[in-house]
Amino acid sequence: MAFADAPGAATLARQVTTEGEVLLWAAHGREFAFDVAGHDAAGQPHGHAVPRGFGAFGMGAATMAVGMAMGTDLPGEGAVPPAVVVFGADGNCRARTLLTGVEPRGGTPWRTWALTSARLLVLDVRPPSTGEPRTPLLRRTLERGRDLVHVLTDRTRRYGPNTEGVAVARKPMTVVAAIGREHLLDVAVARRRLRMRTRPCLRLSFVDGSGLDLLLGVEDESVFEWMAELSGEGR
């Protein structure tokens, strides 16, 4: 980790853990897609309009979901696969209901998936408060001028967004989805066929047969083996 790096996923996730709750692992993953029977890649029943932006997966979202379920290759050279794939037999499965109200492509780069001794969590940056009074234009202009003078005269060492002698700021995180550990049946390394090839993933299986495949842009299977081993420590 370099001095210019922002706090990692584990550091961010620890903000929301409770007393006695042990964080086992955490990883960033901004976008997810659904592989749920009868639903499109956005988790909507077939027949709904495809949300704007899902064309980036290389084809219609509804066709994409069917392709995933059948294990067939999907067209779309150069398209970036989702960080997480949500799978299940129907729209009432635990994996889909876990993410009800969470936008598959609406998260920030800080969206985090974390497993603790008590829960599976999905976190994101807490939205800014809209109740704060707006700073007047003149005051903002004066503050910018003062900041510019400070930058030109300051000799403090800086490492990217971090400043020497100042604690690294953490993004304020909030829980956008959570499910108790009792609903999680197994965590194991698996493989998912996506984007014309088979990729390693960490498969989180729920008691009803649904689950999450975490791809996270990782190609090294040993990373998922390590995460699977850590997952067993919370039992």
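Everything numeric here is computed off the predicted structure, so don't read it as measured data.

Procedures and definitions
Residues numbered from 1 in each chain as written. Predicted model: local features only at pLDDT ≥ 70, side-chain atom pairs only at ≥ 80, totals over all residues. Heavy atoms only, no water. Pairing = 2+ DSSP bridges. Helix = DSSP H or I, 4+ residues; strand = E, 2+ residues; numbered from the N terminus. Axes fitted to C-alpha atoms, helices over the stretch in contact; angles between N-to-C directions. Contact = heavy atoms within 4.5 Å. Buried < 20%, exposed > 50% of the residue type's maximum accessible area, 1.4 Å probe, protein only. Salt bridge = Lys/Arg side-chain N within 4 Å of Asp/Glu carboxyl O. Core = buried A, V, L, I, M, F, W, Y, C linked by side-chain atoms within 4.5 Å. Phe/Tyr/Trp six-rings, centres within 6.5 Å; stacked < 30°, edge-to-face > 60°. Polar contact = N/O pair within 3.5 Å; in protein donor to acceptor, adjacent residues only side chain to side chain.

Peer 1: Would you explain the sheet that holds strand 9 (residues 184-194) in this entry?
Peer 2: Read across the open sheet, the five strands follow the order 2-3-11-10-9; overall the sheet is mixed. Strands with a single pairing partner mark the edges of an open sheet, and in this sheet they are strand 2 (32-36) and strand 9. With strand direction ignored, the average angle separating the axes of adjacent strands in the sheet is 25 degrees. Where strand 9 and strand 10 (residues 197-206) come together, 10 bridges link them in antiparallel fashion. If you follow alanine 190 over to strand 10, its bridge partner there is cysteine 201.

Peer 1: I keep staring at the sheet that holds strand 5 (residues 119-125) and nothing clicks. Help me out?
Peer 2: Neighbouring strands of a sheet are bound in pairs by backbone hydrogen bonds; such pairs are parallel or else antiparallel. Pairing is antiparallel across the open sheet formed by four strands, whose spatial order is 1-4-5-8. Because the sheet does not close on itself, it has two edges, and the strands there are strand 1 (23-28) and strand 8 (173-180). Here the strands of the sheet are splayed against their neighbours by 20 degrees on average, with no regard to which way each runs. Sheet analysis places strand 1 next to strand 4 (residues 112-116), joined by five bridges and oriented antiparallel. Its bridge partner being in strand 4, alanine 27 is matched across the sheet by tryptophan 113. Here helix 5 (residues 221-231) sits on the sheet and contacts strand 1 and strand 4; the angle it forms with strand 1, its principal contact strand, is near 145 degrees.

Peer 1: When you look at the pairing of strand 2 in this model, what are you seeing that I'm missing?
Peer 2: Consecutive residues of a regular strand have side chains that alternate between opposite faces of the sheet. Across the five residues of strand 2, five count as buried, placing the element largely inside the fold. A two-sided burial pattern is seen for strand 2, the buried positions comprising Phe32, Phe34 and Val36 on one face and Ala33 and Asp35 on the other. Where strand 2 lies against strand 3 (residues 84-88), five bridges are found, and the strand directions are parallel. Looking at strand 3, one finds that alanine 33 is bridged to valine 85.

Peer 1: Help me out: how do you make sense of the pattern of salt bridges in this one?
Peer 2: Opposite charge on two side chains allows them to pair when their charged atoms are near. Taken as a whole, this structure holds nine salt bridges when the rule is applied. A salt bridge links glutamate 221 to arginine 191; the shortest N-O distance between them is 2.8 Å. With glutamate 221 in helix 5 and arginine 191 in strand 9, this residue pair connects regions lying 30 residues apart in the sequence. Overall, the relative accessible area of 44% leaves arginine 191 in the partly exposed class. In this structure, the salt-bridge partner of arginine 197 is glutamate 219, at a minimum N-O distance of 3.1 Å. One end of the pair, arginine 197, is in strand 10; the other, glutamate 219, is in the loop between strand 11 (211-214) and helix 5, with 22 residues separating them in the sequence. Looking at arginine 197, the relative accessible area reads 39%, which means it is partly exposed.

Peer 1: Looking at this structure, I do not really get the nonpolar core. What am I missing?
Peer 2: As a rule of thumb, soluble globular proteins bury nonpolar side chains together. The biggest cluster of nonpolar side chains holds 32 residues, and the ones touching the most others in it are Trp25, Leu99, Leu202, Leu204, Leu212 and Leu214. Examining the composition of this core, we find that four residues originate from one element, helix 5, more than from any other. Setting aside its immediate chain neighbours within four residues, leucine 99 contacts Phe32, Phe34, Val86, Trp113, Val122, Ala177 and Leu212. In terms of nonpolar packing, the next biggest core, distinct from the first, is built from 10 residues, Ala9, Leu121, Leu123 and Met173 among them.

Peer 1: I tried to follow the packing of aromatic side chains on my own but got confused; where do I start?
Peer 2: Each aromatic ring pair is specified by the distance between its two centres and by the angle formed by the two planes. Evaluation of the coordinates by the stated rule reveals two aromatic pairs. Aromatic side chains phenylalanine 32 and phenylalanine 34 sit 5.6 Å apart centroid to centroid with 70 degrees between the ring planes, which places their arrangement in the edge-to-face category. Of the two residues, phenylalanine 32 and phenylalanine 34, neither departs from the other in class, the shared state being buried. Relative to tryptophan 113, the ring of phenylalanine 32 has its centre 5.8 Å away and its plane inclined at 85 degrees; by these criteria the two rings are edge-to-face.

Peer 1: What's the story with the side chain of threonine 116 in this structure? I'm lost.
Peer 2: Relative to the helices and strands, threonine 116 resides in strand 4. Engagement of the side chain of threonine 116 in a polar contact is seen with the side chain of glutamate 21, the distance being 2.6 Å. Of the polar contacts made by the side chain of threonine 116, one reaches the backbone nitrogen of alanine 118; its length is 3.0 Å.

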